[in-house]
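# Inside the fold
Next come the chains, spelled out residue by residue.
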Amino acid sequence: MSAPSKMVLLIVEDDEVLLRALYILFHKSKYTIASATDGAMAVQMAQRLKPNLILLDLLLPKINGFEVLRIVKSDPALKETPVIILSNLGSAEDVERAKAGGAIDYFIKANTDLSVLENKIKQVLEIKTQS
Amino acid sequence: MRSAWLNLVLSLTNRIYSRKQELIHSTGVKGMRHVFVLISLEIILAFISTPLYLGIKSASVSAYFREKGGYEKINFDYNIRRVLTLTGVGIFLLIWLFKLAIIIFVPQAYGPLPLYRVGNLEPIDMVVSGDLAATSVAFQTAKTLSSLPSPQLKEIRKVAGGTYVFIGNSQPSMEVVLLLSEKNTIVYSGAADKNGRWEIKHSQKDIRLSEGNHSVLVYNFDAKSGVRSVAAGEKFFKITNTWIDSLVKDVDVSANWSVVLIVIVGILLTFLTL
């Protein structure tokens, strides 16, 4: 099979229902969706897939999201990959920590409308395409 | 529409997360309240998110692997909590669907379900079948004439649909009265044919005999003369309920116990997933 023109979006989410909801949100778009349900799997898949964007939860089994973010951003092959956080953690410290770690945006699940998240991801990927 | 639904799924998963956080830090009755709310939310989420499970097959998500130069299927890790929750809801639904099916279909085969019992508004000594109503008083007050031959009860046959057939011999064309023991005596009458054969049917659909032994008495009754024969020897037969009878009888209790079962399963799931 030849290489696809689609961009790869890696969704890291341990909640099965939410993961499927996010898949439904994006799978009809022009992106190829990959998913990981724990931190270790997320790191492994990010290194294998070289996704164009990572949507990352922070509370994850095995390796937490902050650590995943740190590993991704310290990997020369992945450090330019935009990471958007979608998490239940909503304190200013968590937001600050994630942004300091290299996340380009931070969405708190309880306050997030999925259409806003969808638009943000499209916007980031379109900028990435143009660049 | 799709967006609203997905946001609802997101909202519910958030509520469940929040409730779990509160549950972890609570004790006593307050904790129990969180458990019940959690169970309710999980069940609601299970219903609302069902299309997610129906719409996406496992391994239907593919990703491009550069190192392999092609697509490869990626399986979702199936979350045991969701599986168990859906299983719990599935059991709940099955039980209630089963109950509904029994309520709808069983009466067609076995007669009305004894879901409610109404006390006698006018207590009487005898439950009388319709066509005997006019003569019921007459045979009770009839004189016993020992010279009048007694009818014979030869056979009690159980046929499909909960009907019992009492068959016997008598004087030709004589009226036969049959008494069935129950809480109230059940009275039937019928006429013997020209050969002296008579047959009386009792249907459980009309009057339900309880499980156990019942006695049967038969005698002849001459309405014109106002006399009756001596009753033939008392005979007994046994009503044995099948498991279907018992199930039908207890269906409401069984179905309501399913609620308790679901709550127990829900509590177990909640503690498993904290």
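How each quantity is defined
- Residues numbered from 1 in each chain as written.
- Chains lettered and ligands numbered in written order.
- Predicted model: local features only at pLDDT ≥ 70, side-chain atom pairs only at ≥ 80, totals over all residues.
- Heavy atoms only, no water.
- Helix = DSSP H or I, 4+ residues; strand = E, 2+ residues; numbered from the N terminus.
- Buried < 20%, exposed > 50% of the residue type's maximum accessible area, 1.4 Å probe, protein only.
- Areas by Shrake-Rupley, 256 points an atom, 1.4 Å probe, with all protein chains shown as cover.
- Axes fitted to C-alpha atoms, helices over the stretch in contact; angles between N-to-C directions.
- Parallel < 35°, antiparallel > 145°, perpendicular 65-115°, else oblique.
- Left-handed = near helix turned anticlockwise from the far one by under 90°.
- Contact = heavy atoms within 4.5 Å.
- Nonpolar A, V, L, I, M, F, W, Y, C, P; charged D, E, K, R; others polar.
- Pairing = 2+ DSSP bridges.
- Right-handed = clockwise from strand over helix to strand, strands pointing away.

Across its full length, chain A carries 5 helices and 5 strands. Written out in order from the N terminus, the α and β elements of chain A read β-α-β-α-β-α-β-α-β-α. Buried residues in chain A amount to 58% of all 131 residues. Accessible surface computed for chain A: about 5,500 Å², of which carbon and sulfur atoms make up 49%.

Residue and element names in this part refer to chain B. Contact pair helix α1 (residues 2-24) / helix α2 (residues 28-48): the axes reach a minimum separation of 10 Å and the direction vectors enclose 160°. Taken together, the axis directions place α1 and α2 in an arrangement best described as roughly antiparallel. For α1 against α2, the interelement crossing comes out left-handed. On the side of α1, the interface is formed by Trp 5, Leu 8, Val 9, Leu 12, Thr 13, Arg 15, Ile 16, Arg 19, Lys 20, Glu 22 and Leu 23, while α2 contributes Gly 31, Arg 33, His 34, Val 35, Val 37, Leu 38, Leu 41, Glu 42, Ile 44, Leu 45 and Ile 48. Within the contact of α1 with α2, the residues separate by chemical class into 13 nonpolar, 3 polar and 6 charged.

Residue and element names in this part refer to chain A. One open sheet holds the 5 strands; their spatial order is β2-β1-β3-β4-β5, and the pairing between them is parallel. Edge positions in the open sheet fall to β2 (31-36) and β5 (105-108), since each of these has one partner strand only. Along the sheet, successive strands turn relative to each other by an average axial angle of 20°, direction set aside. Note: strand β1 (residues 7-12) against β2, 6 bridges, orientation parallel. Within the sheet, the bridge partner assigned to Leu 10 lies in β2 and is Ala 34. Contacting β1, β2, β3 (53-56) and β4 (83-87), helix α1 (residues 16-26) runs over the sheet at an angle of about 160° to β1.

Residues and elements named next belong to chain A. With burial as the criterion, each face of β3 is covered, one bearing Leu 53 and Leu 55 and the other bearing Ile 54 and Leu 56. Sheet analysis places β1 next to β3, joined by 4 bridges and oriented parallel. Bridging from a neighbouring strand, Leu 9 pairs with Leu 53 of β3. The pairing of β3 with β4 spans 3 bridges and is classified as parallel. Of the residues in β4, the one forming a bridge with Ile 54 is Val 83. Between the parallel pair β3 and β4, the chain is carried across by helix α3 (residues 65-74), and the sense of this crossover is right-handed.

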